[in-house]
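An overview of the molecular structure
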Amino acid sequence: MAILMVFCSNCGKELHEDANFCPKCGERTRKGVEAGISTPLEDLKVAFSKMSEELEKAFSIAGREMEKAVKTARDRIKEATTREPLTCPHCGKENSSDAKFCFQCGKKLS
Ligand SMILES: [Zn+2]
Ligand SMILES: [Zn+2]
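Keep in mind that this is a model prediction, so the values were computed, not measured. (Residues numbered from 1 in each chain as written. Chains lettered and ligands numbered in written order. Predicted model: local features only at pLDDT ≥ 70, side-chain atom pairs only at ≥ 80, totals over all residues. Heavy atoms only, no water.)

Considering only enclosed or pocket space, the largest pocket measures out at about 150 Å³ in volume. Together, Leu-4, Met-5, Val-6, His-16, Glu-17, Ala-19, Thr-29, Arg-30, Lys-31 and Glu-34 line the largest pocket. No other element matches the three residues that helix α1 (residues 30–34) contributes to the lining of the largest pocket. Residues belonging to the lining of the largest pocket are distributed by class as follows: four nonpolar, two polar and four charged. (1 Å grid on protein atoms, 1.4 Å probe; cavity = no way out; pocket = protein on both sides within 12 Å on 5 of 7 lines; lining within 4 Å. Points joined across faces, edges and corners; volume = space filled by probe spheres on them. Helix = DSSP H or I, 4+ residues; strand = E, 2+ residues; numbered from the N terminus. Nonpolar A, V, L, I, M, F, W, Y, C, P; charged D, E, K, R; others polar.)

Encoded structure:
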């Protein structure tokens, strides 16, 4: 009966034939490779690249939100600085934008 000896390709440690990883150095064994088991390190890399993708997405969303906020603020400023003259709802007379009462009919302007 032949005993199948498996050794770590990295450090040479004798391995259990069912081992997917070397218990000494953490290197993936041939069995682990053949089984398609990813090393924790690879998992980390995947997780990290996924995280940076998420971050990038978050940043681009934040950038868009920022753009929107800037545009809204700009519109508000524009609104505030280019106030239309007030038209009296009672007589239709145009009053200056800071008028509280219609200079023609004397009614309160909203
Ligand atoms: Zn090893
Ligand atoms: Zn009026």
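Let us look at the coordination of the zinc ion (ligand 2). With distances of 2.2 to 2.3 Å, the protein atoms coordinating the zinc ion (ligand 2) are Cys-88 (SG), Cys-91 (SG), Cys-102 (SG) and Cys-105 (SG). Every donor counted, the four donor atoms about the zinc ion (ligand 2) form angles of 105 to 125° at the centre, which fits tetrahedral coordination. In the primary sequence, the donor residues of the zinc ion (ligand 2) line up as C-x2-C-x10-C-x2-C. Separated by 17 residues along the polypeptide, Cys-88 in the loop between β3 (86–87) and β4 (94–95) and Cys-105 in the segment after β4 bring together distant segments of the chain. A relative accessible area of 2% places Cys-88 in the buried class. Judged by relative accessible area, which is 34%, Cys-105 ranks as partly exposed. (Donors = N, O, S within 2.8 Å, 3.2 Å for Na, K, Ca; no water. Tetrahedral: all angles 85-135°; square planar, octahedral: opposite > 155°, others 65-115°. Buried < 20%, exposed > 50% of the residue type's maximum accessible area, 1.4 Å probe, protein only.)

Bound to the zinc ion (ligand 1) on the protein side are Cys-8 (SG), Cys-11 (SG), Cys-22 (SG) and Cys-25 (SG), at distances that span 2.2 to 2.3 Å. Geometry at the zinc ion (ligand 1) is tetrahedral, judged from its four donor atoms and the angles of 105 to 119° they form at the metal. In primary sequence terms, the donor set of the zinc ion (ligand 1) follows C-x2-C-x10-C-x2-C. For Cys-8, a relative accessible area of 6% gives the class buried. When its relative accessible area of 32% is taken as the criterion, Cys-11 is described as partly exposed.

Once that is clear, we can look at the pattern of salt bridges. As a working rule, side chains carrying opposite charge can pair if their charged atoms are close by. Counted by the stated rule, this structure contains four salt bridges. Of the charged contacts in the structure, one is a salt bridge between Glu-54 and Lys-57, with a shortest N-O distance of 3.4 Å. Residue Glu-54 and its partner Lys-57 are located together in helix α2 (residues 40–81), separated by three residues, close to a single helical turn. For Lys-68, the salt bridge goes to Glu-65, with nearest N and O atoms at 3.5 Å. On the criterion of helical spacing, the pair formed by Lys-68 and Glu-65 is a turn pair, its members being three residues apart in helix α2. According to the relative accessible area criterion, Glu-65 is partly exposed, its value standing at 44%. (Salt bridge = Lys/Arg side-chain N within 4 Å of Asp/Glu carboxyl O.)

Looking at the secondary structure, you find Asn-95 in strand β4. A relative accessible area of 3% means that Asn-95 is categorised as buried. Only 3.1 Å separates the side chain of Asn-95 from the backbone oxygen of Lys-93, close enough to count as a polar contact. The contact partners of Asn-95, leaving out residues within four places of it in the chain, are Pro-85, Leu-86, Cys-88, Phe-101, Cys-102, Phe-103 and Leu-109. (Polar contact = N/O pair within 3.5 Å; in protein donor to acceptor, adjacent residues only side chain to side chain. Contact = heavy atoms within 4.5 Å.)

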